[in-house]
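# Coordinate analysis (summary)
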Amino acid sequence: MSQVVHPRKKKSYKGQFGRVTVIGGNAQYGGAAIMSASAAVYAGAGLVSVVTDAVNRSALHARLPEAMILPFDAGKLEALLIAQDVLVIGPGLGDDNAALHLLKRVFATIRPDQTVIIDGSAITLIAREHLTVPEARLIWTPHQMEWQRLSGVKLSDQNPQTNAQAAKKISGVVIVKSEATEIFGLQEAYLNPAGSPAMATGGSGDTLTGILAAFVGQFGYSDATICAAVYTHSAVADEVASTHYVALPTQVITQLPQYMALMSQK
Ligand SMILES: NC(=O)C1=CN([C@@H]2O[C@H](COP(=O)(O)OP(=O)(O)OC[C@H]3O[C@@H](n4cnc5c(N)ncnc54)[C@H](O)[C@@H]3O)[C@@H](O)[C@H]2O)[C@@H](O)CC1
Ligand SMILES: Nc1ncnc2c1ncn2[C@@H]1O[C@H](COP(=O)(O)OP(=O)(O)O)[C@@H](O)[C@H]1O
Ligand SMILES: [Mg+2]
């Protein structure tokens, strides 16, 4: 962990800690985009933007003034996306035609050196519509039902062996989230040792996407960075859960800077 999260150099500025854009949050699921973007900001991303339904503008500005906002239908979308280091697509995006159209528009702009974290509704849409994914550094973050949709492996048949086999057919890194999250597509498979049922609350996965984005954006894309992000999410939740029955995503998010400061000093 401390190998990944290190003290910042004195001579540095926000442009060196990752340009992250979260694409998600329709009229029903605005909170998902807010939690993803908040996690990215609190985990240290230098510049965070959110492409979201226009109805989320006031809520997002009020909750997270650090973030910039662009509505889903903005003409400037491509210009924004091209300048990003990391994209998160899917938290609260929804799976209707508007979401599908936006997903295709985003995929058409992606460059191979960008990291794209594919979550939630985006996974469901890609599986349902058999979409071709762009050439990029892809990180998939399915929960078990999304993994069933994407891989075809039924929930009841999912285990480290069947998951590993299925992940080989998918381009990029696959983080199969559960009570024992597994990561495939790295040099070695990784089993997350932290976390608890206190994390079983809506928004936990949305929060993970923001942490991943911030870690890749500031510490660079590597196996160690991805594992550290997954571990940090659960380890902070464990800290919260030591005194709280549920580890609310918003509470996990606010604890991130303190946890990372301790990690960076080890
Ligand atoms: N506050 C918000 O705005 C929230 C928005 N969310 C967004 O809502 C959209 C739909 O995502 P959902 O995950 O709710 O719906 P999904 O339809 O993708 O998955 C839920 C379904 O899968 C089943 N299931 C079985 N095992 C499961 C497992 N281990 N984990 C999760 N589900 C399991 C559930 O019973 C349910 O039928 C996504 O875009 C997501 O990002 C959620 O993140 C919840 C919070
Ligand atoms: N029982 C559990 N033990 C450990 N981690 C859990 C448990 N239940 C949920 N989680 C974690 O919470 C997150 C849930 O993700 P997801 O279902 O996508 O949430 P959401 O879409 O509501 O944000 C994952 O990181 C998962 O590993
Ligand atoms: Mg989710």
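Criteria and cut-off values
Residues numbered from 1 in each chain as written. Chains lettered and ligands numbered in written order. Predicted model: local features only at pLDDT ≥ 70, side-chain atom pairs only at ≥ 80, totals over all residues. Helix = DSSP H or I, 4+ residues; strand = E, 2+ residues; numbered from the N terminus. Buried ≥ 20, exposed ≤ 12 C-beta atoms within 10 Å, placed from the backbone. Contact = placed C-beta atoms within 7 Å. Axes fitted to C-alpha atoms, helices over the stretch in contact; angles between N-to-C directions. Parallel < 35°, antiparallel > 145°, perpendicular 65-115°, else oblique. Left-handed = near helix turned anticlockwise from the far one by under 90°. Nonpolar A, V, L, I, M, F, W, Y, C, P; charged D, E, K, R; others polar. Near = placed C-beta within 6 Å. Pairing = 2+ DSSP bridges. UniProt positions renumbered as here; feature names shortened; annotations may be inferred.

### Quick notes on the overall build of the protein
Scanning the protein for helices and strands turns up 10 helices and 9 strands. Each principal axis of the C-alpha atoms in the protein carries an extent, and together these give about 45 × 45 × 35 Å. A buried classification covers 49% of the 266 residues belonging to the protein. Sequence-distant contacts in the protein: of pairs separated by 6 or more residues, those separated by 24 or more amount to 69%.

### Side note on the packing of helix H1 (residues 30-42) against helix H10 (residues 249-265)
H10 packs onto H1 with a crossing angle of 15° between their chain directions and a minimal axis gap of 8 Å. Put simply, H1 runs roughly parallel to H10. The crossing of H1 and H10 is left-handed. In this structure, H1 contributes Met35, Ser38, Ala39 and Tyr42 to the contact, and H10 contributes Pro249, Thr250, Ile253, Thr254, Leu256 and Pro257. Among the residues making up the contact of H1 with H10, the classes are represented as 7 nonpolar, 3 polar and no charged.

### A look at the site of ligand 1
As a structural note, the neighbourhood of ligand 1 is formed by 20 residues, with Tyr29, Gly31, Gly120, Met145 and Gly202 the closest of them. Breaking the shell around ligand 1 down by element, the ones donating at least two residues are H1, helix H5 (120-129), helix H6 (144-151) and helix H8 (204-219). A class-by-class count of the residues in the shell around ligand 1 yields 6 nonpolar, 12 polar and 2 charged.

### Quick word on the sheet that holds strand E9 (residues 190-191)
Strand order in the open sheet formed by 9 strands is E3-E2-E1-E4-E5-E6-E7-E8-E9, with mixed pairing between adjacent strands. Looking at which strands have only one partner, the edges of the open sheet turn out to be strand E3 (68-71) and E9. Looking at chain direction, strand E7 (residues 173-176) and strand E8 (residues 182-184) are connected through 3 bridges and run antiparallel. Paired with Val174 across the bridge in E8 is Phe184.

### Observations regarding the packing of H1 against H8
Where H1 contacts H8, the axes come no closer than 7 Å and their chain directions differ by 35°. Between H1 and H8 lies a crossing of right-handed hand. Facing Ala32, Met35, Ser36, Ala37, Ser38, Ala39 and Ala40 of H1, the residues of H8 in contact are Asp206, Thr207, Thr209, Gly210, Ile211, Ala213 and Ala214. Looking at the contact of H1 with H8 residue by residue, the classes come out as 8 nonpolar, 5 polar and 1 charged.

### A few points about the UniProt feature "binding site: AMP" (unreviewed entry) in the protein
Listed under "binding site: AMP" (unreviewed entry) in the UniProt record, and renumbered for this structure, are Lys177, Ser178, Glu179, Ala180, Thr181 and Gly205. Spanning 29 residues, the named residues nonetheless gather at one spot, since no C-alpha pair among them exceeds 13.6 Å. Residue classification places Ser178 among the partly exposed residues on the basis of 15 C-beta atoms within 10 Å. The buried category is assigned to Thr181, around which 21 C-beta atoms lie within 10 Å.

### Structural notes on unusual backbone geometry
Positive phi is not limited to glycine here, since His130 has a value of about 50°. Looking at the element boundaries, His130 is found in the loop between H5 and strand E6 (137-140).

### With respect to the UniProt feature "binding site: (6S)-NADPHX" (unreviewed entry) in the protein
Mapped onto this numbering, the UniProt entry annotates "binding site: (6S)-NADPHX" (unreviewed entry) at Ala32, Gly92, His143 and Asp206. Assignment of secondary structure puts Gly92 in the loop between strand E4 (86-89) and helix H4 (97-107). In contact with Gly92, not counting residues within four places along its chain, are Gly24, Gly25, Asn26, Tyr29, Gly30, Gly31, Ala32, Ala33, Gly120 and Ser121. Residue placement: Asp206 occurs in helix H8. With residues up to four places along the chain from it excluded, the contact list for Asp206 reads Ala32, Met35, Ser36, Pro91 and Pro249.

### Points about the pairing of strand E2 (residues 47-52)
In terms of burial, E2 is largely enclosed, as 6 of its 6 residues are buried. Alternating positions in E2 separate into two faces, Leu47, Ser49 and Val51 on one and Val48, Val50 and Thr52 on the other, with burial throughout. When strand E1 (residues 19-23) meets E2, the two strands line up parallel, connected through 5 bridges. Across the sheet, Val20 pairs through a bridge with Val48, a residue of E2.

### Examining the environment of Ile139
Assignment of secondary structure puts Ile139 in strand E6. Placed 22 residues apart in sequence, Ile139 and Ile117 show a C-alpha to C-alpha distance of 4.7 Å. Apart from residues no more than four positions distant in its own chain, Ile139 is found in contact with Thr115, Ile117, Gly172, Val173, Ile175, Leu212 and Ile226.

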